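Chain and residue survey
What follows is each chain in one-letter form.
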Amino acid sequence: MNAPLIDPFARAITYLRVSVTDRCDFRCAYCMTEHMTFLPKAELLSLEELDRLCSTFIRLGVRKLRITGGEPLVRKDIMTFFRAMARHVSSGALEELTVTTNGSQLRKYAAELAACGVRRINVSLDTLDEAKFAEITRWGRLNQVLDGIRAAKEAGLRVKINAVALKGFNEDELFALTDWCAAENHDLTFIEVMPMGELETATRLDQYWSLKDLRARLESRFTLIDLTERSGGPARYVRLAETGQKIGFITPLTHNFCESCNRVRVTCTGELFQCLGQEEKADLRAPLRASSEDAALEQAIRAAIARKPKGHDFDYSRQKVAGQMTRHMSHTGG
Ligand code: SAM
Ligand code: SF4
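All figures in this text were calculated on a predicted structure; none of them were measured in a lab. (Residues numbered from 1 in each chain as written. Chains lettered and ligands numbered in written order. Predicted model: local features only at pLDDT ≥ 70, side-chain atom pairs only at ≥ 80, totals over all residues. Heavy atoms only, no water.)

Points about the pattern of salt bridges
Counting across every chain of the model gives 26 salt bridges. Residue Arg11 pairs with Asp7 through a salt bridge whose shortest N-O separation is 2.6 Å. Across the pair, Asp7 and Arg11 agree in class, each one buried. Put simply, Arg120 and Glu96 hold a salt bridge, and the shortest N to O gap is 2.8 Å. In this pair, Arg120 is assigned in strand β4 (residues 120-124) and Glu96 in strand β3 (residues 96-101), connecting sequence segments 24 residues apart. (Salt bridge = Lys/Arg side-chain N within 4 Å of Asp/Glu carboxyl O. Buried < 20%, exposed > 50% of the residue type's maximum accessible area, 1.4 Å probe, protein only. Helix = DSSP H or I, 4+ residues; strand = E, 2+ residues; numbered from the N terminus.)

Right, here's the structure in full:
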């Protein structure tokens, strides 16, 4: 009954990313349009349904759970859900409970997250310049996020900064971001912009700054030591010999990482996406709502994993965007 989740390419699915809301208090230019339409509340999984869903995945062998969104920490009563997941951390069933956040609510919630067994969090931060931060997030305030990051540190949480590499936007801050992370003892990961959702202001090629180029620029100042460590995802890591800090590169467009993929994603409406870069999905909300028993849900999960595609088709080569997805990152959960 509790056989682990293995897909057709012999990959064990041990990592679940769950988006708990499509809403956000920011409107990052590469992620959302300024006037997004959000889902009606009835469409969303309730906190109890999210608990059942995650607990079923954990029973089927998921060892790492990442809560994301939209902005997960703006969902009403979200700490009720984290407190529910804490039982899986205490029992040892879950190795890691973690969250990806824009940091705006961390002053309020960091201590409680730590109390729920969260040890590490990812905070998205693309610039350290107040005006540029306001420009890229449209609605965000840099000081609030920096204060949130301080609160996370005070609560004993390890912080990894995620920065999207954006051509003409934060190219000039490569060393400023790296130095700041070294001084604050945060790990730092750069992300290539992905073709998720239509935008009103810019095309993807306008925003795309290849991490190959970013890496070469880092090499002009630092000695990069490649680390063999892999997360089962698209990140590759180096250590900077001069500072000892760890830098990650998430390059879905320039590397193929799919062969070691160990993850699936569930949206806030209970759609399971087997692959971030494919339209293939399965509805888990219907079996969740059809019965209070978990058998139908488990069967739907297994059937979906049996259809997990081999990989994505993103490609920016030849100056066109291939593999463009119609859904936004805030929908699937980054
Ligand atoms: N709101 C939270 C945050 O910003 O960390 C969690 C959700 S957000 C969708 C997750 C991550 O996806 C963020 O690091 C964000 O920068 C990244 N992201 C959003 N849209 C993206 C895109 N089109 N390409 C690459 N990364 C993107
Ligand atoms: Fe919100 Fe995160 Fe998307 Fe920015 S990247 S708009 S913070 S969901």
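Things to note about the packing of helix α2 (residues 78-91) against helix α3 (residues 106-115)
Contact pair α2 / α3: the axes reach a minimum separation of 9 Å and the direction vectors enclose 15 degrees. Relative to α3, the element α2 lies roughly parallel. Along this stretch, α2 crosses α3, giving a crossing that reads as right-handed. For the pair formed by α2 and α3, the contact residues are Met79, Phe82 and Arg83 on the first element and Tyr109, Glu112 and Leu113 on the second. When its residues are assigned to classes, the contact of α2 with α3 shows four nonpolar, no polar and two charged. (Axes fitted to C-alpha atoms, helices over the stretch in contact; angles between N-to-C directions. Parallel < 35°, antiparallel > 145°, perpendicular 65-115°, else oblique. Left-handed = near helix turned anticlockwise from the far one by under 90°. Contact = heavy atoms within 4.5 Å. Nonpolar A, V, L, I, M, F, W, Y, C, P; charged D, E, K, R; others polar.)

Some points on the site of ligand 2
In the vicinity of ligand 2, the contacting residues are Cys24, Phe26, Cys28, Cys31, Met32, Gly70 and Asn102. When grouped by side-chain class, the residues that make up the shell around ligand 2 number five nonpolar, two polar and no charged. (Near = heavy atom within 4 Å.)

A few points about the packing of aromatic side chains
Applying the stated criterion across every chain yields a total of three aromatic pairs. Taking the centre distance of 5.9 Å and the plane angle of 85 degrees together, the rings of Phe26 and Phe133 count as edge-to-face. Remark: Phe133 occurs in helix α4 (residues 130-137) and Phe26 occurs in the loop between β1 (15-19) and α1 (47-59); sequence separation between them is 107 residues. For Phe26, a relative accessible area of 4% corresponds to the buried category. On the numbers, 6.1 Å between centres and 70 degrees between planes, the contact of Phe81 with Phe82 is edge-to-face. The ring of Tyr15 carries the charged tip of Lys64 above its face, separated from the ring centre by 4.7 Å. Stacked on the ring of Tyr237, the Lys or Arg Lys246 has its end atom at 4.7 Å from the ring centre. (Phe/Tyr/Trp six-rings, centres within 6.5 Å; stacked < 30°, edge-to-face > 60°. Lys NZ or Arg CZ within 6 Å of the ring centre and 35° of its normal.)

Re the pairing of strand β10 (residues 263-266)
Here β10 shows a buried face lined by Arg263 and Arg265 and a second buried face lined by Val264 and Val266. One ladder, built from four bridges, connects β1 with β10; its direction is parallel. Paired with Arg17 across the two strands is Arg265, which belongs to β10. Summarising the sheet, β10 and strand β11 (residues 271-273) pair through two bridges and their orientation is antiparallel. Note on β11: the bridge partner recorded for Arg265 is Phe273. (Pairing = 2+ DSSP bridges.)

A look at the site of ligand 1
Taken together, 19 residues lie around ligand 1, and Tyr30, Gly70, Glu71, Ser124 and Met194 are the ones closest in. Within the side chain of Tyr30, an N or O atom sits 3.1 Å from an oxygen atom of ligand 1. Within the contact set of ligand 1, a nitrogen atom lies 3.0 Å away from a backbone nitrogen or oxygen of Gly70. The fraction of the free accessible surface of ligand 1 (540 Å²) that becomes covered by protein chains is 95%. Going through the elements one at a time, β3, β5 (158-165) and β6 (187-192) are the ones with two or more residues in the shell around ligand 1. Class assignment of the residues belonging to the shell around ligand 1 gives a composition of seven nonpolar, nine polar and three charged. (Polar contact = N/O pair within 3.5 Å; in protein donor to acceptor, adjacent residues only side chain to side chain. Areas by Shrake-Rupley, 256 points an atom, 1.4 Å probe, with all protein chains shown as cover.)

What about the packing of α1 against helix α10 (residues 295-305)?
Working note: a packed helix pair is described by the angle between its axes plus the distance between those axes. The geometry of α1 relative to α10 is characterised by a closest axis approach of 10 Å and an angle of 65 degrees between their N-to-C directions. With respect to the hand of their crossing, α1 and α10 are arranged in right-handed fashion. On α10, the residues that touch Arg52, Leu53, Thr56, Phe57 and Arg59 of α1 are Leu297, Glu298 and Ile301. Residues belonging to the contact of α1 with α10 are distributed by class as follows: four nonpolar, one polar and three charged.

Here we look at the confidence of the model for the protein
Within the protein, residue pLDDT values average 90, and 88% of them lie at 70 or more. Every residue in residues 316-321 is under pLDDT 50, and counting partners more than four places away or in other chains gives 15 contacts. (pLDDT = per-residue confidence, 0-100.)

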